[in-house]
Amino acid sequence: MAARLGIIAALGVMLLVAACAPRQQQPVPQAPPLPHGGALMIWPNRDPIQSACLNDLQATGAQFELIAQAEAGKNGCTLQNGVKLIRSSLNLNRPVELTCPMALRLVQFEQEVLLPEAQKTFGQPLAQLNHAGGFTCKTMTGNGKRISEHGHGRAIDIWGFTLDDGGRISVADHFRSRGREGTYLREMNRAACRYFSVVLGPNADSAHAKHFHWDIGQWKRCGA
Ligand SMILES: [Zn+2]
């Protein structure tokens, strides 16, 4: 009995010492867990959160190169954690520069919506995404002062897609058409509102009569 009391007393003292001990320095914030349970790889000149995005992007099979942080930043434009996307889940008509989170969102939308819906609609895979630019240092349409989300690499303009058999689907030619190309384009732009904060197209305004604008900026607008 005495021995047991002794152990309890010793435990009490230990707890008291632990409670009075100076607080340990907080560890570096942990990046979100990787979807595939892989180890976190820290990329050159990227912090853990940025690296986590890059790891996730790499895990999708996308091909990309890092853009040096210092290269952006002219005229108020920024490109944080920028990547030059060479190939998403699809071939691209040309590489596109985006932030990693925007590139990741695009690939996610392709894999979850664009690709399976193309297979259902056309009975064949989508081969290529045709875009008109991601990161470009320009001001907003209709507002000459505010920097567009393109100026931060958080937006992409899409003018169409190419099917596996070479068939082209373009916003300019097919968005208003009654055929399956038109249906596909209209449905995809509406679905984009679930993945992006601002979605614009021919139904939004005349500036977007020939392309879709998808971005992950702070504003919310579904102009599909
Ligand atoms: Zn745009």
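Residues numbered from 1 in each chain as written. Predicted model: local features only at pLDDT ≥ 70, side-chain atom pairs only at ≥ 80, totals over all residues. Heavy atoms only, no water.

A.B. asks: Before we move on, could you go through the pairing of strand β3 (residues 91-99) and cite the residues and values that matter?
C.D. replies: Put simply, side chains in a regular strand alternate between the two faces of the sheet. Pairing of strand β2 (residues 82-87) with β3 involves five bridges; the strand directions are antiparallel. Counterpart to R87 in the pairing with β3 is N91. Counted between consecutive antiparallel strands, the loop separating β2 from β3 contains three residues. Bridge count for β3 against strand β4 (residues 126-133) is two bridges, and the pairing is parallel. The partner of L92 across the bridge, within β4, is L129. (Pairing = 2+ DSSP bridges. Helix = DSSP H or I, 4+ residues; strand = E, 2+ residues; numbered from the N terminus.)

A.B. asks: Hey, could you go over the side chain of Q124 for me, with residue numbers and the actual values?
C.D. replies: With respect to the element layout, Q124 can be found in the loop between α3 (100-122) and β4. In terms of polar contacts, Q124 uses its side chain to reach the backbone amide nitrogen of D165, at 2.9 Å. The residues touching Q124, leaving out its near neighbours within four places in the chain, are A118, Q119, L163, D164 and D165. (Polar contact = N/O pair within 3.5 Å; in protein donor to acceptor, adjacent residues only side chain to side chain. Contact = heavy atoms within 4.5 Å.)

A.B. asks: So what's going on with the nonpolar core? Residues and values would help.
C.D. replies: Counting 44 residues, the largest nonpolar core has L85, F109, F161, Y184, F196 and W214 as the members making the most contacts within it. Within the residue set of this core, elements represented by two or more residues are α2 (48-59), β2, β3, α3, β4, β7 (155-163), α5 (180-192) and β10 (212-215). Counting residues per element, this core draws most heavily on α3, which supplies ten residues. (Core = buried A, V, L, I, M, F, W, Y, C linked by side-chain atoms within 4.5 Å. Buried < 20%, exposed > 50% of the residue type's maximum accessible area, 1.4 Å probe, protein only.)

The values reported here are purely geometric and, on their own, carry no functional implication.
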